[in-house]
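Summary of the model geometry
Letter by letter, the chains look like this.
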Amino acid sequence: MEQIAFGDYGLAAMSHRAGVLGWPEPLPPAVKYSLSYLLVQAEFGLCCPLSMTDSLTRTLRKYGAPELVERYIAGLTSQDLNALTQGAMFMTEQGAGSDVAATETCATAAPDCGPGVYRLKGDKWFCSNPDAALAMVLAHVDGEPDGMRGVSLFLLPRVLPNGEANSYRIVRLKDKLGTRSMASGEITLEGAQAWLVGELGRGFVQMADMVNNSRLSNGMRAAGLMRRSVAEALFISRHRQAFGKRLIDMPLMQVQLAKMLVKAEQARTLMFQTAQALSRADQGEAGAYALTRLLTPLIKYRATRDARSVAGDALEVRGGCGYIEEWSDARVLRDAHLGSVWEGTSNIVALDVLRAIQREGSLSVWQDHMRQLLIATPWHARVRAAIDALMERLGGLAQTTADHKDEAQARRVAAGLYHLTSAIAMGWESHQTQNPRRMVLAQCVLLHRLMPRDPLSTNKVSDLDLLWSTDSPTGAIDHICLL
Ligand SMILES: Cc1cc2nc3c(=O)[nH]c(=O)nc-3n(C[C@H](O)[C@H](O)[C@H](O)COP(=O)(O)OP(=O)(O)OC[C@H]3O[C@@H](n4cnc5c(N)ncnc54)[C@H](O)[C@@H]3O)c2cc1C
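Residues numbered from 1 in each chain as written. Predicted model: local features only at pLDDT ≥ 70, side-chain atom pairs only at ≥ 80, totals over all residues. Heavy atoms only, no water.

On domain assignment, one finds that the chain holds domain 1 (2-76), domain 2 (87-201) and domain 3 (206-468). Placing a centre on the C-alpha atoms of domain 1 and another on those of domain 3 gives a separation of 25 Å. Here domain 1 packs against domain 3, burying approximately 2,400 Å² in sum over the two surfaces, 64% of which is carbon and sulfur. Taken as a group, Tyr33, Tyr37 and Phe44 account for 33% of the area that domain 1 buries against domain 3, more than any other trio of residues on that side. Linking domain 1 to domain 3 there are four salt bridges. For aspartate 209, the salt bridge goes to arginine 58, with nearest N and O atoms at 3.4 Å. The tally of links from domain 1 across to domain 3 stands at eight residue pairs in polar contact (both at pLDDT 80 or more). If you tally residues by element for the side of domain 1 that touches domain 3, the top one is helix α3 (residues 47-63), at eleven residues. (Domains from an automatic or database assignment. Buried area = accessible area lost by both parts, 1.4 Å probe. Salt bridge = Lys/Arg side-chain N within 4 Å of Asp/Glu carboxyl O. Polar contact = N/O pair within 3.5 Å; in protein donor to acceptor, adjacent residues only side chain to side chain. Helix = DSSP H or I, 4+ residues; strand = E, 2+ residues; numbered from the N terminus.)

Below you can see the structure in the form of structure tokens.
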């Protein structure tokens, strides 16, 4: 699988150099996320080393000294497994998980070892891909102020330039619920040599770039896991019979499948929206960075949580066999539970949505972007009016929540923004591709995930069959109005 991911497809290299898959320049993020979306449906664990290597390269190129970039870039972007240098991120400590400012690992300048070299001492509590050749590490620099301003970013090599092993040990491997195809360990740094990356005291800000990149990757992975779950559930539903009928022909099963499909496709839509915003941000387009800063925690927050329920529901569609390890469901379910924990838990990521609104002015950029998508889509007038009203109310709630730092509302705001973004973007995709299926999905999101519902209402979505019809439907988008 490593040969396929790092080697044949160059997934960790394609954003950083020309020549991968024969392309004359670095490939756009949408290509990387599309191919990784397919990979993750077969293998989730490997996506962590892939993402760490890709993200470390990005952060190193952005903030690292030119001689460090020069030394390591070829290995980090190699498609030859014998020459490949993999990356990792050692941030979390027992007392410093979400609260990175509490980092206790200590860095002491070691000018005798070379310019910019420090010696690191301390314990890192969660280190995925622990035997990676390079890791980005956060440490508190001796003599610097307490808290976030004292934390800096370092590049830790497993092997020193003179060929000696660096001074750290993998103390223990974690016995994990899922991602068992990839090791996570505890590491003790015993005076290990590492280079300062970027500015002193800017460790967290710089690491945030790496973390944001891998948060987007986590959203993509959740989308892929959901797609795998839906694919399995649709297959079973088309082939398994009960009471003389195929499961897929039963009304209640159709509702169950639709609920799964809506969540899976919302995540896929957000993945492309975020990838495109990232691409525009990297090209320096005004406002695109602020949009990326909002969309990234949105997809990380909601898609990773949805992946848990979709994976669980797919398990149930297979009946008793879904609970048995011979099929994929149990493994997918275990893997799906990780997405909302690492790289920032749901609460932390929801609070990051408020931070993006407050510090980056992301809300107005998001509103502009949504209006552009709305204008380009021929919504039915009643649906359009409902969306406008939702935009207005949600925008107000999000701004007030961010202004007042009303943390208790952060998850509601994040979920609302995610659902509305996905509904509007799915409508736009439907028009772009002339595929009414995505319009049905968009309206399911509006009706079932955004609008307050009367629990006794018997309103139903009439066009569910369209969702899994094997014909490819075209045209007739604007007749669909379920509101
Ligand atoms: C399998 C696995 C692999 C990992 N790999 C890595 C890795 O490679 N590198 C790395 O650096 N880390 C890694 N992690 C660590 C992971 O990122 C942290 O576990 C995660 O960020 C949470 O930190 P914590 O465990 O200290 O929990 P805590 O920070 O103690 O959080 C506990 C609970 O408190 C909540 N909470 C905390 N602060 C707030 C707040 N302000 N408001 C509301 N609620 C709050 C959290 O949401 C959470 O539910 C890995 C974790 C796992 C499980």
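Turning our attention to the nonpolar core. By size, the foremost hydrophobic cluster in this structure holds 121 residues, and its most contacted members are Leu155, Trp366, Leu417 and Leu420. Apart from the residues lying within four places of it in its own chain, the contact partners of leucine 420 are Trp366, Ile387, Leu390, Met391, Leu394, Leu446 and Leu450. One finds Ala139, Val141, Phe154 and Ile187 within the second-largest nonpolar core, a separate group that totals 18 residues. (Core = buried A, V, L, I, M, F, W, Y, C linked by side-chain atoms within 4.5 Å. Buried < 20%, exposed > 50% of the residue type's maximum accessible area, 1.4 Å probe, protein only. Contact = heavy atoms within 4.5 Å.)

Right, let's get into the confidence of the model for the chain. Residues at a pLDDT of 70 or more form 94% of the chain, whose mean pLDDT is 93. Considering only residues more than four positions removed or in separate chains, one finds that residues 475-483, a stretch of pLDDT under 50, has 31 contacts. (pLDDT = per-residue confidence, 0-100.)

In this fold, glutamate 429 is placed in helix α12 (residues 410-433). Of the residues examined, glutamate 429 reaches a relative accessible area of 12% and is grouped as buried. When residues no more than four places from it in sequence are discounted, the contact partners of glutamate 429 are Thr269 and Arg438. Among the polar contacts listed, one links the side chain of glutamate 429 to the side chain of arginine 438, at a separation of 2.6 Å.

Turning our eyes to something else, we now look at unusual backbone geometry. Unusually for a residue other than glycine, phenylalanine 243 sits at a positive phi of about 50 degrees. Tracing the backbone through its elements, the reader meets phenylalanine 243 in the loop between β8 (241-242) and β9 (245-246). Phi is positive for glutamate 343, which is not a glycine, with a value near 60 degrees. For glutamate 343, the location among the structural elements is in the loop between α8 (329-336) and α9 (346-360).

Below, the discussion takes up the site of the ligand. Lining the immediate surroundings of the ligand are 19 residues, of which Met89, Thr92, Ser98, Ser128 and Thr345 lie closest. At 2.7 Å, a side-chain N or O of threonine 92 approaches a nitrogen atom of the ligand. Taking glutamate 343, its main chain carries an N or O atom lying 3.4 Å from an oxygen atom of the ligand. Here the ligand, which alone exposes 970 Å², has 66% of that area covered by the protein. For the shell around the ligand, the secondary-structure elements that each account for two or more residues are β3 (117-128) and α9. Its residues placed into classes, the shell around the ligand shows nine nonpolar, eight polar and two charged. (Near = heavy atom within 4 Å. Areas by Shrake-Rupley, 256 points an atom, 1.4 Å probe, with all protein chains shown as cover. Nonpolar A, V, L, I, M, F, W, Y, C, P; charged D, E, K, R; others polar.)

So, about helix α10 (residues 362-375). Here α10 is 14 residues long and its end C-alpha atoms lie 20 Å apart, about the 20 Å a rise of 1.5 Å per residue gives. Taken as a whole, α10 has its buried residues at Ser362, Leu363, Trp366, Gln367, His369, Met370, Leu373 and Leu374. When α10 is viewed along its axis, its buried side chains cluster within an angular range of 165 degrees and face the same direction. Exposed residues pointing more than 90 degrees away from the buried face of α10 are listed as Gln372 and Ile375. On its buried face, α10 sits against α6 (251-282), α7 (288-317), α9, α11 (381-403) and α12. (Expected span 1.5 Å × (residues − 1). Arc of directions from axis to C-beta.)

So, about the pairing of β3. Sheet topology note: the strand β2 (residues 106-109)/β3 ladder contains four bridges and is antiparallel. Residue cysteine 106 lies in a different strand from β3, and its bridge partner there is lysine 121. Pairing of β3 with strand β7 (residues 184-197) involves ten bridges; the strand directions are antiparallel. Counted as the bridge partner of glycine 122 is leucine 189 from β7. (Pairing = 2+ DSSP bridges.)

A few words on the packing of α7 against α12. Each packed pair of helices is defined by two parameters, the angle between the axes and the distance between the axes. The interhelical angle for the contact between α7 and α12, taken along N-to-C directions, is 95 degrees, at an axis separation of 9 Å. By the angle between their axes, α7 is roughly perpendicular relative to α12. Touching Leu294, Leu295, Leu298, Ile299, Tyr301, Arg302, Ala303, Arg305 and Asp306 of α7 are Arg411, Ala414, Ala415, Leu417, Tyr418, His419 and Thr421, all from α12. By residue class, the composition of the contact of α7 with α12 is ten nonpolar, two polar and four charged. (Axes fitted to C-alpha atoms, helices over the stretch in contact; angles between N-to-C directions. Parallel < 35°, antiparallel > 145°, perpendicular 65-115°, else oblique.)

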